[in-house]
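Working through the structure, step by step
Take a look at the letters that make up each chain.
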Amino acid sequence: MAVDMLRGARERRIRTGGIELCVAELGDTGRPTVVLVHGYPDSKEVWSEVAVRLAEHFHVVLYDVRGHGRSTAPTPLRGGFTLEKLTDDFLAVVDAVSPDRPVHLVGHDWGSVQSWEFVTVARTEGRIASFTSMSGPSLDHFGHWIKRRMSRPTPRRVGQLLGQGARSWYVYALHTPVLPELAWRGPLGKRWPGLVRRVEKVPDDGYPTASLPADAAHGAWLYRDNVRARLRRPRTDAYAHAPVQLITPTGDVFLSDRLYDELDTWVPRLVRRSLPAKHWVPRTRPDQLAAWITEFVRAHEDRGGEMPAPVAAGRRYADRFGGQLVVVTGAARGIGRATALAFAEAGARVVAVDRDAEGAARTAALARLTGAPDAWGEAVDVGDEQAMEKLADKVAEEYGPVDVLVNNAGIGLSGPFLETTSDDWKQVLDVNLWGVIHGCRLFGRRMAERGQGGHIVNTASAAAFQPSRMLPAYSTSKAAVLMLSECLRAELAGRGIGVSAVCPGIVNTDITATARFTGVSEEEEKRRRKKAARLYGLRNYPPEKVADAILRAVVRNEAVVPVTPEAHGARLLSRLAPRALRALARLEAKL
């Protein structure tokens, strides 16, 4: 089972401190070495999906921590799992697999806890090129965090202590003599795989391995040998001597992100990332982790430690969207292009979708220059269900799960209802409404099945709040998008998927260049289109402001987001003075 999960791995045994460590290697040994350290109650196989992705670019090394997997346990167990002995093991591994070059270290859960020790003690200095931490703090930093809050208590600090104390319930349980071992070797060990799959949405793919009961029983000594001693007497010299990338799963039930509030004090070179996911991210989000680890390792191999522009410059939302996969429809121009570029600037991977192939490709090229080196364009008519199904399949198969979907494609149509034909209605609804439905259904379903959250943004309009005698088809389509977003938000909230309806007013885009006017001659339609374009230009509200509102809506998980003063005004009137809006609707705009 273990060998199958680590496809193509080469195994070796390394003796150190009276035990044998099982070490697996993938990839070309001539490339930079990345060492992956697993947590509790895991074995090295927790990294299998991350490892195979990293092996395309690096020499990847995984090892079973002493007493776990196929590594032997110390005798006696008590005192055999101290951080000092775990550091001995790490140095034995890196001396064997990369004797002449420093390694890039990655740790999750207790793998991260012990890796913080590796990266802050003097005897490993020069052996670690970078460290990526997730879901596991330094016990020394944690100890100082507790002491600061106890020495100067405030309501907020007391709340933080109590909150983390409640999250750490399992730590107290693992300090209980004998009972944890009995539970793990008995009913808990049998039920754990199903529990993790149900709660964390971990795939049923052979993880955890059959060694779980023994791993968990041995691993209880990680806590007993280290936690109380370090929290009572934390080191005062626990400064990182290598650059650190901190990845914080926002849905982690075991650790509060407040634990890292003072981390900059201990880490001079720190990059922060947040990931909408639960605790076991190596199993649930291997694509995202591999992308971020690859970026961080390359930054400290190829650029001498200089991070890519979005992270290095501290641009807005880089810690939130870096490496995430974002699909934007209607991306050839206007709000769609501005949104794609805003996500690219934040370090996201961008798919620019539009029926205008040349425009989509141009947006993708600009996104690559802005900060999304892997951005690409797709020519798709969002109103074509089969085409959208093919797009969703292609994105899933070639690039992984989508984190953010922006259904932005739309067309304009003006003219009285009685002069709007069935074909006119079909054209507007196919793009403005059915395009959104197709996107939500096809990509939203995959988000829900993945079980790790996500976000859907649907571009509606201020017209969704405000009736108009001249925009019956357009306003109806956008009001439907607004209501669809509200319904979908309620349905998907329990799955951790946010849904936002963004409602711009008059924005200076070229939607007027493609808008149609019914009930008039071709010459009159051209005149009205030209005049509308001039009015939008005079209004001069840039699409970049709408793009910023879209990113902010995702970060804050906002439900309805009016953009532009007239959109805010229309929404306010729709709530407080709907009669006034109806009176305005009777006025005929002269174009």
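Whatever comes next refers back to the structure up there.
Reference entry: report on the structure contained in this document. Source: prediction; values computed, not measured.

1. As for the overall build of the protein
If you tally the helices and strands in the protein, you get 25 helices and 17 strands. Here the protein has a C-alpha radius of gyration of 27 Å; the compact-globule value for 591 residues is 25 Å, and the two agree. Counting only residues that meet the buried cut, the protein has 56% of its 591 residues in that class. Total accessible area on the protein stands at roughly 25000 Å², and carbon and sulfur atoms take up 53% of it. Side-chain charges in the protein split into 81 positive and 68 negative, and the spacing between the mean points of these groups amounts to 6 Å.

2. Things to note about helix H5 (residues 139-151)
With 13 residues, H5 extends 18 Å between its outermost C-alpha atoms, agreeing within 8% with the 18 Å of an ideal straight helix rising 1.5 Å per residue. Listing the buried residues of H5 in full gives Leu139, Asp140, His141, Phe142, Gly143, His144, Trp145, Ile146 and Arg149. Residues of H5 that are buried in the fold lie against helix H3 (83-97), helix H4 (110-120), helix H6 (155-167), helix H10 (212-232) and helix H11 (263-266). Where H5 begins, the capping side chain belongs to Ser138, and its oxygen is found 3.2 Å from the backbone nitrogen of Asp140.

3. Overview of the packing of aromatic side chains
For the structure on display, the rule yields 17 aromatic pairs. Relative to Trp280, the ring of Phe254 lies with its centre 6.2 Å away and its plane at 85°, an arrangement referred to as edge-to-face. In this pair, Phe254 is assigned in the loop between strand E7 (244-249) and H11 and Trp280 in the loop between strand E8 (270-275) and helix H12 (281-284), connecting sequence segments 26 residues apart. In this structure Trp280 comes out as buried when scored by relative accessible area, which is 3%. Grouping aromatic residues by their ring pairs yields a cluster made of Tyr40, Trp110, Trp169, Tyr170, Trp184, Trp192, Tyr223, Phe254 and Trp280. Its guanidinium or amino end placed over the ring of Trp221, Arg224 lies 4.8 Å from that ring's centre, counting from NZ or CZ. In this structure, Lys545 packs its charged tip against the face of Tyr541, placed 5.2 Å from the ring centre.

4. Section: the side chain of Asp354
Note on placement: Asp354 falls in strand E10 (residues 349-354). Nearest to the buried, unbridged Asp354 among oppositely charged side chains is Arg333, at 4.5 Å. A polar contact is formed between the side chain of Asp354 and the backbone nitrogen of Ala331, at a distance of 3.3 Å. Look past the residues within four positions of Asp354 in its chain and what remains in contact with it is Gly330, Ala331, Ala332, Arg333, Ala360, Glu378, Ala379 and Val380.

5. Here's the deal with a nonpolar patch on the surface
Together, Val178, Leu179 and Leu182 line one region of the surface with nonpolar side chains, adding up to about 300 Å² of accessible area. For Val178, the location among the structural elements is in the loop between helix H7 (169-174) and helix H8 (179-185).

6. Here we look at the nonpolar core
Counting residues in each nonpolar core, the largest one holds 88 residues, and the members touching the most others are Tyr63 and Phe90. Per element, the largest residue contribution to this core is 8 residues, and it comes from H3. With residues up to four places along the chain from it excluded, the contact list for Tyr63 reads Leu21, Cys22, Val23, Val35, Leu36, Val37, His38, Lys44, Phe90, Val93, Gln114 and Phe118.

7. What about the sheet that holds strand E17 (residues 560-563)?
What links the strands of a sheet is backbone hydrogen bonding, and the strands pair in either a parallel or an antiparallel sense. The 7 strands are arranged E11-E10-E9-E12-E14-E15-E17 in an open sheet whose pairing can be described as parallel. Both edges of this open sheet fall to strand E11 (376-379) and E17, since each of them pairs with a single strand only. In this sheet, adjacent strand axes meet at a mean angle of 15° when their direction is disregarded. Where strand E12 (residues 404-407) lies against strand E14 (residues 454-459), 4 bridges are found, and the strand directions are parallel. Pairing of Leu405 across the sheet is with Ile456, part of E14.

8. As for the sheet that holds strand E1 (residues 10-16)
Read across the sheet, 8 strands follow the order E1-E2-E4-E3-E5-E6-E7-E8 without closing on themselves; strand pairing throughout is mixed. Two strands lie at the open edges of the sheet, namely E1 and E8, each paired on one side alone. With strand direction ignored, the average angle separating the axes of adjacent strands in the sheet is 20°. As judged from the 4 bridges shared by strand E6 (residues 128-134) and E7, these two strands associate in the parallel manner. Of the residues in E7, the one forming a bridge with Phe131 is Val244. The strands touched by H4 are strand E3 (33-37), strand E4 (59-63), strand E5 (103-108), E6 and E7; relative to E6, the strand with the most contacts, the crossing angle is about 150°.

9. A short note on the pattern of salt bridges
Counted by the stated rule, this structure contains 38 salt bridges. The salt bridge involving Arg127 is made with Asp95; its shortest N-O contact spans 3.3 Å. One end of the pair, Arg127, is in the loop between H4 and E6; the other, Asp95, is in helix H3, and 32 residues separate them in sequence. On the basis of relative accessibility, which here comes to 44%, the residue Asp95 falls in the partly exposed class. Salt bridges sharing common partners tie together Glu84, Glu117, Asp140, Arg230, Arg235 and Asp237.

10. A short note on the pairing of E3
Every regular strand shows the same layout, with side chains that alternate between the two sheet faces. Across the 5 residues of E3, 5 count as buried, placing the element largely inside the fold. Of the two faces of E3, the one lined by Thr33, Val35 and Val37 and the one lined by Val34 and Leu36 are each fully buried. Handedness of the crossover joining E3 and E4 through helix H2 (residues 48-54): right-handed. The pairing of E3 with E5 spans 4 bridges and is parallel.

11. Topic: helix H16 (residues 334-345)
At 3.6 residues per turn, the α-helix brings residues three or four places apart onto the same side. In this model H16 runs 17 Å from its N-terminal to its C-terminal C-alpha over 12 residues, within 8% of the 16 Å that 1.5 Å per residue would give. Taken together, the buried positions of H16 are occupied by Ile335, Gly336, Ala338, Thr339, Ala340, Ala342, Phe343 and Ala344. At the exit of H16 stands Gly347, carrying a positive phi of roughly 90°.

12. Focus: the packing of H16 against helix H23 (residues 543-556)
Two elements in contact, H16 and H23, have axes whose closest approach is 8 Å; the angle formed by their N-to-C orientations is 55°. One element, H16, and the other, H23, form an angle in the oblique class. Here the hand of the crossing between H16 and H23 comes out right-handed. Counted together, Gly334, Ile335, Ala338, Thr339, Ala342 and Phe343 of H16 and Pro543, Glu544, Val546, Ala547, Ile550 and Leu551 of H23 form the full contact between these two elements.

About the criteria used
Residues numbered from 1 in each chain as written. Predicted model: local features only at pLDDT ≥ 70, side-chain atom pairs only at ≥ 80, totals over all residues. Heavy atoms only, no water. Helix = DSSP H or I, 4+ residues; strand = E, 2+ residues; numbered from the N terminus. Rg over C-alpha atoms; globule rule 2.2 N^0.38 Å. Buried < 20%, exposed > 50% of the residue type's maximum accessible area, 1.4 Å probe, protein only. Areas by Shrake-Rupley, 256 points an atom, 1.4 Å probe, with all protein chains shown as cover. Lys, Arg positive; Asp, Glu negative; His and termini not counted. Charge placed at Lys NZ, Arg CZ, Asp CG, Glu CD. Expected span 1.5 Å × (residues − 1). Contact = heavy atoms within 4.5 Å. Polar contact = N/O pair within 3.5 Å; in protein donor to acceptor, adjacent residues only side chain to side chain. Phe/Tyr/Trp six-rings, centres within 6.5 Å; stacked < 30°, edge-to-face > 60°. Lys NZ or Arg CZ within 6 Å of the ring centre and 35° of its normal. Salt bridge = Lys/Arg side-chain N within 4 Å of Asp/Glu carboxyl O. Patch = residues over 30% accessible without salt bridge, like charges linked within 9 Å, V, L, I, M, F, W, Y side chains within 5 Å. Core = buried A, V, L, I, M, F, W, Y, C linked by side-chain atoms within 4.5 Å. Pairing = 2+ DSSP bridges. Axes fitted to C-alpha atoms, helices over the stretch in contact; angles between N-to-C directions. Right-handed = clockwise from strand over helix to strand, strands pointing away. Parallel < 35°, antiparallel > 145°, perpendicular 65-115°, else oblique. Left-handed = near helix turned anticlockwise from the far one by under 90°.

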